[in-house]
Each structure stands twice: as C-alpha cells, then as structure tokens.
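Report on the structure
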Amino acid sequence: MLIDPSCGLTARGPSGFTGATLTLDQQRVLFRRWTTDPAVHPHEALLGMLALLHGASSREVKMLQTADRDPHARTTRLGDRPHPVPLDPASWAALERCLAHREAQRTDNPHVMVTRQTKSGRGPASTAYVSHVLDACGFPPRMIRCTRLLDLVNTMDPKLVVAAFGMDPEATLIYLADHIDPGRLPDQHKRTP
C-alpha cells in the first residue's frame with residue numbers, strides 16, 4: 001500500500017506585495033495638488049507629502065510633535081526611525097503650513113496635526129481622523145506609502161531601507177518578491193560572437 005506524503009499539506013500563495021500602487025502620473029498629480037493648491041487642507045498636504053516622498057505611515061505623521069523638527073537642519077523625527085529624516089523643500093513647506101494652521105488654533109498640544117477635538121488637550125489626532133485626511137485626494141495613505149516603499153526597496157538595497165526606516169528586515173522583502181529589474185538582466189538580443 002502506498003502513502004501520499006503530501007496528504008494534509010497545503011500550499012501557501014505568493015507572499016510578495018499584492019497591494020495597489022500609484023502610477024507615476026498619479027504621483028505627479030498628487031505632488032502638484034499638495035504643493036500648489038491653497039484650498040488643500042494643511043493636514044492633507046503634510047500627510048500626503050510625507051507618505052509620498054518619505055514613506056511615512058499615518059501613525060508616524062499623527063504622532064509627530066513640534067519638538068521633533070530641527071529648523072536649522074530641516075529635519076524631523078518620524079516614529080521609531082533611528083535617524084532624523086531630512087526634508088526636501090516641498091515637504092518642509094507642507095510642515096510649515098501645517099504648523100501655521102496649528103498656531104492659528106492657539107493650542108498647547110505638542111502635536112503638529114491638531115484638530116478641534118485635540119486642541120484643548122495633549123493627545124494626538126484620532127486614528128479615525130487621520131485615516132480620512134486624504135479622502136479628498138482619492139487615495140488612502142497606505143497606498144501612497146506602499147508606492148514609495150516599493151520604489152525604494154526595488155531601486156536601492158533593501159538593507160538601506162531597513163536601516164533608514166527602522167523596519168524589520170523581513171518587512172522589506174515582501175516588496176521585492178517576484179520583481180526583477182529589466183535593466184539588470186542580460187540583453188538577450190545582443191549576443192557576442
């Protein structure tokens with residue numbers, strides 16, 4: 001009598017990243033929206049820019065405090081990242097605009113993103129509030145962040161992304177699964193004699 005050694009085993013599906021990401025044109029539209037449209041709320045511009053350019057999570061932006069920024073070096077601390085994040089001029093402008101909005105609320109709350117509910121306290125904006133900050137642009141924060149992480153992991157060494165973001169090494173590997181940069185493959189059409 002023969003026994004099937006695979007009886008009872010199940011195969012796992014691919015473990016790579018399967019989420020949606022933004023196209024380059026969509027990223028450009030969002031960048032213009034957050035840098036040139038004065039009607040965009042400062043919270044939307046800040047969360048959007050930090051997610052799009054710096055791979056910031058909603059939690060990192062929500063927990064950002066005024067003491068986390070260094071105006072002289074134009075850096076800020078984001079979450080548990082081991083190093084301050086240098087901000088480009090567009091991201092720095094979004095941060096300054098958000099701080100001006102905060103200042104107009106006359107609050108002692110130490111967080112950069114202050115709402116009507118949090119201006120009289122010291123706590124961060126609610127998770128529900130932050131999850132809807134980008135509703136007007138049509139894309140969720142996670143999708144924007146994943147677009148940036150996918151790009152960084154596939155164009156740089158994943159170990160550098162781990163070091164810069166303070167991530168678990170395995171967390172970056174999902175963004176690498178089944179991706180081969182065509183520029184790294186040998187050209188099959190040109191054969192040397």
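See the structure shown above.
The sections below set out a description of the structure shown in this document.

Parameters and conventions
Residues numbered from 1 in each chain as written. Predicted model: local features only at pLDDT ≥ 70, side-chain atom pairs only at ≥ 80, totals over all residues. Heavy atoms only, no water. Axes fitted to C-alpha atoms, helices over the stretch in contact; angles between N-to-C directions. Helix = DSSP H or I, 4+ residues; strand = E, 2+ residues; numbered from the N terminus. Parallel < 35°, antiparallel > 145°, perpendicular 65-115°, else oblique. Left-handed = near helix turned anticlockwise from the far one by under 90°. Contact = heavy atoms within 4.5 Å. Nonpolar A, V, L, I, M, F, W, Y, C, P; charged D, E, K, R; others polar. Core = buried A, V, L, I, M, F, W, Y, C linked by side-chain atoms within 4.5 Å. Buried < 20%, exposed > 50% of the residue type's maximum accessible area, 1.4 Å probe, protein only. Pairing = 2+ DSSP bridges.

At their nearest, the axes of helix 2 (residues 42–54) and helix 4 (residues 89–104) sit 8 Å apart, and the two run at 155° to each other. Taken as axis vectors, helix 2 and helix 4 run roughly antiparallel relative to one another. Remark: the crossing between helix 2 and helix 4 carries left-handed chirality. Facing Pro42, His43, Ala45, Leu46, Met49, Leu50, Leu53 and His54 of helix 2, the residues of helix 4 in contact are Ala90, Ser91, Ala94, Leu95, Arg97, Cys98 and His101. The residue inventory of the contact of helix 2 with helix 4, partitioned by class, reads ten nonpolar, four polar and one charged.

With 33 residues, the main nonpolar core has Trp34, Leu50, Leu95 and Ile144 as its most contacted residues. Those elements that provide at least two residues to this core are helix 1 (24–36), helix 2, helix 4 and helix 6 (141–155). For this core, the leading source of residues is helix 2, giving seven residues. Those residues in contact with Leu50 that lie beyond four places of it in its chain are Gly55, Ala56, Val61, Leu64, Leu78, Leu87 and Ser91. Leu149, Leu152, Val153 and Met167 belong to the second-largest nonpolar core, a separate cluster that totals eight residues.

Moving on, we get to the sheet that holds strand 1 (residues 69–70). If you trace the three strands from one edge of the open sheet to the other, you get 1-2-3, paired in antiparallel fashion. Strands at the two margins of the open sheet, each flanked by one partner only, are strand 1 and strand 3 (85–86). Bridge count for strand 2 (residues 75–76) against strand 3 is two bridges, and the pairing is antiparallel. Bridge pairing links Thr76 to Val85 in strand 3.

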